[in-house]
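# Examination of the molecular architecture
So you can see what is in the structure, the chains are spelled out below.
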Amino acid sequence: MSAENQSTVIEFILLGFSDNPNIQPWLFQVFLLVYVITLAINILLIVAVRTDNHLHNPMYLFLTNLSFLDICYTSIIVPKMLLNIVLSAKTISYTGCVLQIYFYLFMGETECILLAFMAFDRYVAICNPLRYNVIMNTVSCTRLIGLSWMAGGSIASFDIYLVCQLKFCGHITINHFFCEAPSLLQLSCGDKFVDNTITLVGGSILLLIPLCLILFSYIQIFLIILKLPSGQYKAFSTCTSHLIVVTIYYGTSIFMYMRPRNSDTGVTDKIVVTDKMVSVFYTIVTPMLNPLFYSLRNKDVKKAIGQLGRCTIVLR
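Residues numbered from 1 in each chain as written. Predicted model: local features only at pLDDT ≥ 70, side-chain atom pairs only at ≥ 80, totals over all residues. Heavy atoms only, no water.

As recorded in an unreviewed UniProt entry, the chain goes by Olfactory receptor and comes from Staurois parvus. Taken verbatim from the UniProt record of the chain, the Subcellular location (unreviewed entry) comment is "Cell membrane". (UniProt positions renumbered as here; feature names shortened; annotations may be inferred.)

So this is what it looks like as C-alpha cells:
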C-alpha cells in the first residue's frame, strides 16, 4: 500500500494475543467466561437496584451508572476480540476501528470522571453526614452523572478527531487484540504532535485530575475513620476494596497512556506483550471487579438480590 494518508486504509489486521492455534481455544474460553460473568453481575446489580425502592438514592444511582458503563465498555472490545480468536482472518475495517476507539474512549473517560464523583459522594457521606442529603441529593447526583457523560463524550470526540488525522503510510498491522489508541498511534508516520497531544489530553485531564480528587477524598475519609470509636474495620475494609479497584484501573491506564514512548516504529516483543496484559486489566478485568468490590459486598444490595431471586422463583 503506497498511499499517503489514512483515507486509503480499508482495514487493519489485529494480531491478537497469539498465533499459536493450541492456545486459541483456551483464550476463547477464558475471555468468554469473564465476559459472561461481567454481563451477568452488572445486569443483576442494575435490575436489583431498580426493582428495590429502598435503593433509589444517589449512591446506588452512581453504582448502576457504573455498571451500565462497564457493560458498554467491555462489550465494545470483547465480542470482536472473541470473533477474531476463532476466525483465520483477524481484520477490522478502518471505520470499525475508528468507532471502536471512539466508544471505548467515550466510556473509559466517562468512567474516570464518574469514579471521581463517586469518591466525592463517599467523602460527603462519611465526613459531612449531616449535610449529605443537601449536598448529594438526587438532583445534584443526576447532574454529576450527566456531566460525566457530557465531558467523556466531548473529550472523546476531540481525541477521535486527532486520531482521524493520522497518516499510516501503508502500516495496517496492529499488534494488539483491539483498536487501542496507543497501538494505532504506533503505526502512524510523520509528525508526532498528534501522539503527544492525545497523551497530554487523555493523561493529564482524564487520569491525573480525577485520581487526585479520588486520593484526596479517601485520605480525608481515612482520617475521619481513625477518629471513630468503633466500626473502623468495616469502614477500612470498604474503602480499601474501593482503592484496590481504583489502583488497578488508574494504575494500568496511566502506564499505558502516560509513559514515554519511543518515536521509532520498532517495538520489542516484550513491550507489546506487556501492553496487551496491561490493557486486559482495565478493559476486561476491572469491569468484572467493579460490581464485586463496589456493590455486591453491600448488605442492602445482597438483600435486594435475594428478594429478586425469590420473586423469580415465585413467578416460575
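Now that the structure has been shown, the text picks up again.
## A look at helix H1 (residues 24-51)
With 28 residues, H1 should reach 40 Å at 1.5 Å per residue; the first-to-last C-alpha distance of 40 Å fits that figure. Considered for burial, the residues of H1 that qualify are Gln24, Leu27, Phe31, Val34, Tyr35, Thr38, Ile41, Asn42, Leu45, Ala48 and Val49. (Helix = DSSP H or I, 4+ residues; strand = E, 2+ residues; numbered from the N terminus. Expected span 1.5 Å × (residues − 1). Buried < 20%, exposed > 50% of the residue type's maximum accessible area, 1.4 Å probe, protein only.)

## Points about the UniProt feature "transmembrane region" (unreviewed entry) in the chain
Annotation from UniProt places "transmembrane region" (unreviewed entry) at residues 26-48, 60-81, 101-120, 132-152, 205-226, 238-258 and 278-296. With 100% helix and 0% strand, the stretch residues 101-120 has end C-alpha atoms that lie 29 Å from each other. In the segment residues 278-296, helix accounts for 89% and strand for 0%; the C-alpha atoms at its two ends are 25 Å apart.

## Notes on the environment of Leu147
Among the structural elements, Leu147 can be located in helix H5 (residues 138-163). Between the C-alpha atoms of Leu147 and Thr110, which are 37 residues apart in sequence, the distance is 8.9 Å.

## Some thoughts on the packing of aromatic side chains
Applying the stated criterion across every chain yields a total of 14 aromatic pairs. Geometrically, the ring pair formed by Phe12 and Tyr94 is tilted, given 6.1 Å between the ring centres and 35° between the ring planes. With Phe12 in strand E1 (residues 11-14) and Tyr94 in helix H3 (residues 94-127), the pair connects residues that are 82 residues apart, well separated along the chain. Across the pair, exposure class does not vary: Phe12 and Tyr94 are buried alike. Centroid distance Phe12 to Phe168: 5.3 Å. Interplanar angle 75°. Geometry classified as edge-to-face. Note that Phe12 is positioned in strand E1 and Phe168 in the loop between H5 and strand E3 (173-174), a separation of 156 residues in sequence. Assigned by exposure class, Phe12 and Phe168 land together as buried. One aromatic cluster is present, formed by Phe17, Phe31, Tyr104, Phe177 and Phe178 through successive ring pairs. (Phe/Tyr/Trp six-rings, centres within 6.5 Å; stacked < 30°, edge-to-face > 60°.)

## Section: the nonpolar core
Core analysis: the largest hydrophobic core is formed by 92 residues, its most contacted members being Phe12, Phe62, Ile101, Tyr104, Leu184 and Tyr250. Broken down by element, the residue count for this core peaks at 19 residues, all from H3. Not counting the four nearest positions on each side in its chain, Tyr104 is found in contact with Tyr73, Ile76, Ile77, Phe178, Cys179, Glu180, Ala181, Pro182 and Tyr257. (Core = buried A, V, L, I, M, F, W, Y, C linked by side-chain atoms within 4.5 Å. Contact = heavy atoms within 4.5 Å.)

## Things to note about the side chain of His242
The residue His242 is located in helix H8 (residues 232-258) in this model. Discounting chain neighbours no more than four positions away, the residues touching His242 are Tyr218, Phe293 and Tyr294.

## Topic: the sheet that holds E3
Spatially, E2-E1-E3 is the arrangement adopted by the 3 strands of the open sheet, whose pairing is mixed. Each end of this open sheet is capped by a strand with a single partner; those strands are strand E2 (91-93) and E3. Two elements, E1 and E3, share 2 bridges in a ladder whose sense is parallel. Each residue of the ladder has a partner; that of Ile13, found in E3, is Thr173. (Pairing = 2+ DSSP bridges.)

## What to know about empty space enclosed by the protein
Under the defined criterion, the tally for this structure stands at 3 cavities of 30 Å³ or more. Roughly 80 Å³ of internal volume is contained in the second largest cavity. As for the second largest cavity, its lining consists of Leu14, Leu15, Gly16, Phe17, Ser18, Gln24, Leu27, Met81, Asn84, Ile85, Lys90 and Phe177. When residues of the lining of the second largest cavity are traced back to their parent elements, those giving at least two are H1 and helix H2 (58-86). Considering every element that reaches the lining of the second largest cavity, the biggest residue donor is H2, with 3 residues. Within the lining of the second largest cavity, the residues separate by chemical class into 7 nonpolar, 4 polar and 1 charged. (1 Å grid on protein atoms, 1.4 Å probe; cavity = no way out; pocket = protein on both sides within 12 Å on 5 of 7 lines; lining within 4 Å. Points joined across faces, edges and corners; volume = space filled by probe spheres on them. Nonpolar A, V, L, I, M, F, W, Y, C, P; charged D, E, K, R; others polar.)

## Some details on the state of the cysteines
Tallying each qualifying case throughout the model produces 1 disulfide. Note on cysteine connectivity: Cys97 is disulfide-linked to Cys179, with sulfurs 2.1 Å apart. Between Cys97 and Cys179 the disulfide shows an S-S torsion of about -120°. By sign, it is left-handed. Separated by 82 residues along the polypeptide, Cys97 in helix H3 and Cys179 in the loop between E3 and helix H6 (181-187) bring together distant segments of the chain. Grouping residues by exposure puts Cys97 and Cys179 together as buried. (Disulfide = S-S within 2.5 Å.)

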